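This is what each chain is made of:
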Amino acid sequence: MGRSESIEPLSSYALVHFLIGRQDLEKKFAITYSEATVSRVLLTAVEPFGRNYLNSAWEACRLVADAPPAGLELEVVQLPCVFHDSIEALRKMILRAEPELVIATGQGGSRPDITVERVAINLDDAQGPDNKGNEPIDEPIIAGGPTAYFSSLPVKACVEALLEAGIPAAVSHTAGTYLCNHIAYGLSHLIANEFPHIRGGFVHVPFTPAQAVDRQLRRPPSMASATAADALRVVMATAITTTEDHAASPRTAIRGPKTWLPRWLRK
């Protein structure tokens with residue numbers, strides 16, 4: 001059963017069949033649970049922050065909660081956009097839900113694709129305050145922690161599956177230095193030190209079209225929430241049925257780079 005929780009818990013969502021909306025995707029990414037190694041999944045996103053009246057990743061997660069993959073025990077939770085509080089909230093949810101797979105998501109407003117993060121670094125270098133006014137600069141997320149963690153998701157396999165589904169996607173080698181990287185690193189640290197039986201990682205979601213329209217001067221890329229929700233279902237299905245990642249890089253997407261880098265590095 002899919003269930004969505006936030007700081008103010010939402011109403012329960014009914015369990016429905018896994019319907020991505022296109023027959024080819026249903027056939028390609030239907031999960032065979034006799035072969036699956038994971039049954040309990042925790043899906044997270046961050047609450048809106050800054051000038052954002054919504055968070056594109058949370059909007060996608062809400063849709064997944066409405067129509068979760070059939071057969072999964074899915075928990076969907078909204079984390080606070082607050083340094084350290086977000087990691088503690090994630091830890092409490094892991095203890096409560098006892099998932100075997102954790103997919104954390106965040107809003108990647110400048111990104112044209114669904115980007116699956118490969119690495120998280122032990123650094124907070126905020127470009128603005130969080131929702132409690134904290135703005136750490138050049139501070140470690142975990143004092144004395146490793147410099148970086150690699151994701152335990154099959155990152156390349158997830159991106160390949162997304163591209164095969166016709167969803168723009170890329171491997172990312174930077175989650176930034178704000179809350180997304182903070183949560184990605186915190187999740188990996190929890191897995192390494194408290195929950196070694198769990199696999200997990202972080203996925204960035206582009207702006208919604210409404211958010212892009214609201215920023216007409218910059219004209220950022222966007223993706224419909226329904227497509228982003230499809231993408232999260234594909235990532236979950238791939239991570240559930242894949243334990244070893246591909247050795248080769250995913251094929252190049254029709255749109256977007258093979259690996260995501262900031263625009264100033266791509267010029």
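### Here's the deal with the overall build of the protein chain
Alright, step 1. Along its length, the protein chain carries eight helices and ten strands.
Alright, step 2. Counting only residues that meet the buried cut, the protein chain has 55% of its 267 residues in that class.
Alright, step 3. When contacts within the protein chain are restricted to residue pairs at least 6 apart in sequence, long-range pairs at least 24 apart make up 82% of them.
Alright, step 4. Carbon and sulfur atoms make up 53% of the accessible area of the protein chain, which totals about 12000 Å².

### A few points about the nonpolar core
Alright, step 1. Formed by 39 residues in total, the largest nonpolar core has its most connected members in L43, I103, I114 and L162.
Alright, step 2. With nine residues, helix α7 (residues 225–241) is the largest single contributor of residues to this core.
Alright, step 3. In this structure, V77, L79, C81 and I183 belong to the second largest nonpolar core, which totals 28 residues.

### Regarding the environment of R219
Alright, step 1. Within the secondary structure, R219 is located in the loop between α6 (209–213) and α7.
Alright, step 2. On a C-alpha basis, the gap between R219 and S110 in space is 9.5 Å, while along the polypeptide they are 109 residues apart.

### Quick notes on the packing of helix α4 (residues 155–164) against α7
Alright, step 1. Relative orientation of the contacting elements α4 and α7 amounts to 135°, with a least axis distance of 9 Å. Classified by the interaxial angle, the pair formed by α4 and α7 is oblique. When you trace α4 past α7, the crossing you get is right-handed. Taking contact as the criterion, the partners of A157, C158, A161 and L162 in α4 are, on α7, A231, V234, V235, T238 and A239.

### Structural notes on the pattern of salt bridges
Alright, step 1. On inspection of all chains with the given rule, the structure shows six salt bridges.
Alright, step 2. Between R91 and E194 there is a salt bridge; the shortest N-O distance is 2.9 Å. In this pair, R91 is assigned in helix α3 (residues 85–97) and E194 in the loop between α5 (179–193) and β9 (199–205), connecting sequence segments 103 residues apart.
Alright, step 3. Classification of R91 as partly exposed rests on a relative accessible area of 27%.
Alright, step 4. A relative accessible area of 39% places E194 in the partly exposed class.

### Concerning the environment of P48
Alright, step 1. Tracing the backbone shows P48 in the loop between β2 (40–46) and α2 (56–66).
Alright, step 2. Sequence separation of P48 and L79 is 31 residues, and the distance between their C-alpha atoms is 9.8 Å.
Alright, step 3. In this structure, P48 is in contact with Y53, L54, N55, Q78 and N131, ignoring residues within four places of it in sequence.

### Thoughts on the packing of α2 against α7
The relative placement of two packed helices is expressed as an angle between their axes plus a distance between the axes.
Alright, step 1. Between α2 and α7, the shortest axis-to-axis distance is 8 Å and the interhelical angle comes to 65°. Considered as vectors, α2 and α7 are oriented roughly perpendicular to each other. As α2 packs across α7, the resulting crossing turns out to be right-handed. Along the contact surface, α2 presents E59, A60, C61, L63 and V64, while α7 presents S225, A226, A228, A229, L232, R233 and M236.
Alright, step 2. Looking at side-chain class alone, the contact of α2 with α7 contains nine nonpolar, one polar and two charged residues.

### Here's the deal with α2
Alright, step 1. Residues of α2 that are buried: S56, A57, W58, A60, C61, V64 and A65.
Alright, step 2. Two to three positions downstream of the cap, the backbone nitrogen of A57 sits 2.9 Å from a side-chain oxygen, assigning the N-cap of α2 to N55.

### Here we look at the confidence of the model for the protein chain
Alright, step 1. This prediction gives the protein chain a mean pLDDT of 84; 79% of its residues lie at or above 70.
Alright, step 2. Under a pLDDT of 50 for its full length, residues 5–23 has, in the predicted model, 46 contacts with residues more than four places off or in other chains.

Cut-off values and rules
Residues numbered from 1 in each chain as written. Predicted model: local features only at pLDDT ≥ 70, side-chain atom pairs only at ≥ 80, totals over all residues. Heavy atoms only, no water. Helix = DSSP H or I, 4+ residues; strand = E, 2+ residues; numbered from the N terminus. Buried < 20%, exposed > 50% of the residue type's maximum accessible area, 1.4 Å probe, protein only. Contact = heavy atoms within 4.5 Å. Areas by Shrake-Rupley, 256 points an atom, 1.4 Å probe, with all protein chains shown as cover. Core = buried A, V, L, I, M, F, W, Y, C linked by side-chain atoms within 4.5 Å. Axes fitted to C-alpha atoms, helices over the stretch in contact; angles between N-to-C directions. Parallel < 35°, antiparallel > 145°, perpendicular 65-115°, else oblique. Left-handed = near helix turned anticlockwise from the far one by under 90°. Salt bridge = Lys/Arg side-chain N within 4 Å of Asp/Glu carboxyl O. Nonpolar A, V, L, I, M, F, W, Y, C, P; charged D, E, K, R; others polar. Polar contact = N/O pair within 3.5 Å; in protein donor to acceptor, adjacent residues only side chain to side chain. pLDDT = per-residue confidence, 0-100.

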